[in-house]
Amino acid sequence: MPAQNSAPLIAPSILNADFAHLADEAAAVAGADWLHVDVMDNHFVPNLTLGLPVVKSLLKATDIPIDCHLMITDPDRWAIGYAEAGAYNVTVHAEAVADAIGTAANIRKAGAKAGLSLKPGTDLEDWVDVLRHYDTLLVMTVEPGFGGQSFMPEMMAKVRRARSLVDTGHLTVVVQVDGGISADTIEQAAQAGADCFVAGSAVYSAQDPAAAVVALRAAAAASRPAVG
Ligand code: DX5
Ligand code: ZN
């Protein structure tokens, strides 16, 4: 995918939205590229959020493609349900998945893009071969579990390496970053070569969430490395 030739993708995370009004919160970011939904099971991560029934309701309430980030144990078992429900992208964690290639195939067979996420301590080099079976690589720029944490600039080496694997034709993934992305940090992530930017508090704590999406996209576009 010639991702760097297309506009940066902005994916607001509803983790930081009002869970009692999710349809309104999706409408508040109508121009977003993907709507990022953090599924946490109080097991793989300490936090507990929402699951498939809420995602099914959200799918009916918005036209924005839904990006499910599964921070759960045993994603091999559960990921397919989100794909079958109509999620656009379903991301599992490398640290939790047992059969990474088989699970990617199942997600794709059910009609969704397959994503693989790496926690900050997980080495990209160990997953390069597996990533040939995936559409999205989610580089965590915080420890997964909570919104509002500080961006880890040291993860930019991983993003740069991923960008180079894509640009040299070794991988065809969308390179996504998640955690602490804001007006202050998005330029670094864009400069390192990310294609897709998850932003929770930066979007939903803004006075105008839709305007925050537009501003983040413009900041990322202005900071991308030259192609070629
Ligand atoms: C953290 C989640 C993120 C979170 C991002 O585990 O995966 O998607 O919502 O929130 P911010 O942008 O506030 O760091
Ligand atoms: Zn997330």
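Up top is the structure.
Residues numbered from 1 in each chain as written. Chains lettered and ligands numbered in written order. Predicted model: local features only at pLDDT ≥ 70, side-chain atom pairs only at ≥ 80, totals over all residues. Heavy atoms only, no water.

(A) Representation of the site of ligand 1. Taken together, 21 residues sit near ligand 1, with Gly145, Asp178, Gly180, Gly200 and Ser201 positioned nearest. Here an oxygen atom of ligand 1 and a side-chain polar atom of aspartate 178 are 2.7 Å apart. One of the backbone N or O atoms of glycine 180 is found 2.8 Å from an oxygen atom in ligand 1. Against a free-state accessible area of 380 Å², the protein chains account for coverage of 100% of ligand 1. Going through the elements one at a time, strand S2 (35–40), strand S3 (66–71) and strand S8 (196–199) are the ones with two or more residues in the shell around ligand 1. The biggest single contributor to the shell around ligand 1 is S2, with 3 residues. Residues that form the shell around ligand 1 fall into these classes: 8 nonpolar, 11 polar and 2 charged. (Near = heavy atom within 4 Å. Polar contact = N/O pair within 3.5 Å; in protein donor to acceptor, adjacent residues only side chain to side chain. Areas by Shrake-Rupley, 256 points an atom, 1.4 Å probe, with all protein chains shown as cover. Helix = DSSP H or I, 4+ residues; strand = E, 2+ residues; numbered from the N terminus. Nonpolar A, V, L, I, M, F, W, Y, C, P; charged D, E, K, R; others polar.)

(B) Just the packing of aromatic side chains, in detail. One pass over the full model with this rule turns up 1 aromatic pair. Ring centres of tryptophan 34 and tyrosine 88 lie 5.6 Å apart, and the angle between their planes is 55°; on these two criteria the pair is classed as tilted. Taken together, the residues span a long stretch of sequence, with tryptophan 34 in the loop between helix H1 (22–27) and S2 and tyrosine 88 in the loop between helix H3 (75–85) and strand S4 (89–93) at a distance of 54 residues. (Phe/Tyr/Trp six-rings, centres within 6.5 Å; stacked < 30°, edge-to-face > 60°.)

(C) Inspection of the coordination of the zinc ion (ligand 2) at higher detail. Every protein donor of the zinc ion (ligand 2) is listed here as His36 (NE2), Asp38 (OD), His69 (ND1) and Asp178 (OD), and their distances to the metal cover 2.1 to 2.3 Å. Classification of the site at the zinc ion (ligand 2) as octahedral follows from its 6 donor atoms and the range of 71 to 171° in their angles at the metal. Going along the chain, you hit the donors of the zinc ion (ligand 2) in the pattern H-x1-D-x30-H-x108-D. Of the two residues, aspartate 38 is situated in strand S2 and histidine 69 in strand S3; the sequence distance between them amounts to 31 residues. For aspartate 38, a relative accessible area of 6% translates into the label buried. With relative accessibility at 0%, the residue histidine 69 sits in the buried group. (Donors = N, O, S within 2.8 Å, 3.2 Å for Na, K, Ca; no water. Tetrahedral: all angles 85-135°; square planar, octahedral: opposite > 155°, others 65-115°. Buried < 20%, exposed > 50% of the residue type's maximum accessible area, 1.4 Å probe, protein only.)

(D) The arrangement of the environment of aspartate 167 in detail. Considering the arrangement of structural elements, one finds aspartate 167 in helix H6 (residues 156–167). Judged by its relative accessible area of 51%, aspartate 167 falls in the exposed class. Separated by 74 residues in the primary sequence, aspartate 167 and histidine 93 have C-alpha atoms spaced 24 Å apart.

(E) Spatial organisation of helix H9 (residues 209–223). For H9, spanning 15 residues, the distance from its first C-alpha to its last is 21 Å, which sits close to the expected 21 Å at 1.5 Å a residue. Taken together, the buried positions of H9 are Pro209, Ala212, Val213, Leu216, Arg217, Ala219, Ala220 and Ser223. Seen end-on, H9 carries its buried residues on one side only, within an arc spanning 165°. Of the exposed residues in H9, those oriented more than 90 degrees away from the buried face are Val214 and Ala222. Taken together, the buried residues of H9 touch strand S1 (9–12), helix H7 (186–192), S8 and helix H8 (201–204). The distance from a side-chain oxygen at the start of H9 to the backbone nitrogen of alanine 210 is 3.2 Å, and the residue carrying that oxygen is aspartate 208. (Expected span 1.5 Å × (residues − 1). Arc of directions from axis to C-beta. Contact = heavy atoms within 4.5 Å.)

(F) Fine view of the packing of helix H2 (residues 52–61) against H3. At their nearest, the axes of H2 and H3 sit 10 Å apart, and the two run at 15° to each other. By the criterion of interaxial angle, the relationship of H2 to H3 is roughly parallel. Between H2 and H3 the crossing geometry is right-handed. For the pair H2 and H3, contact is made by Leu52, Val55, Lys56 and Leu59 and by Gly81, Tyr82 and Ala85, respectively. Residue composition of the contact of H2 with H3, grouped by class: 5 nonpolar, 1 polar and 1 charged. (Axes fitted to C-alpha atoms, helices over the stretch in contact; angles between N-to-C directions. Parallel < 35°, antiparallel > 145°, perpendicular 65-115°, else oblique. Left-handed = near helix turned anticlockwise from the far one by under 90°.)

All we've got here are geometric facts, nothing functional implied.
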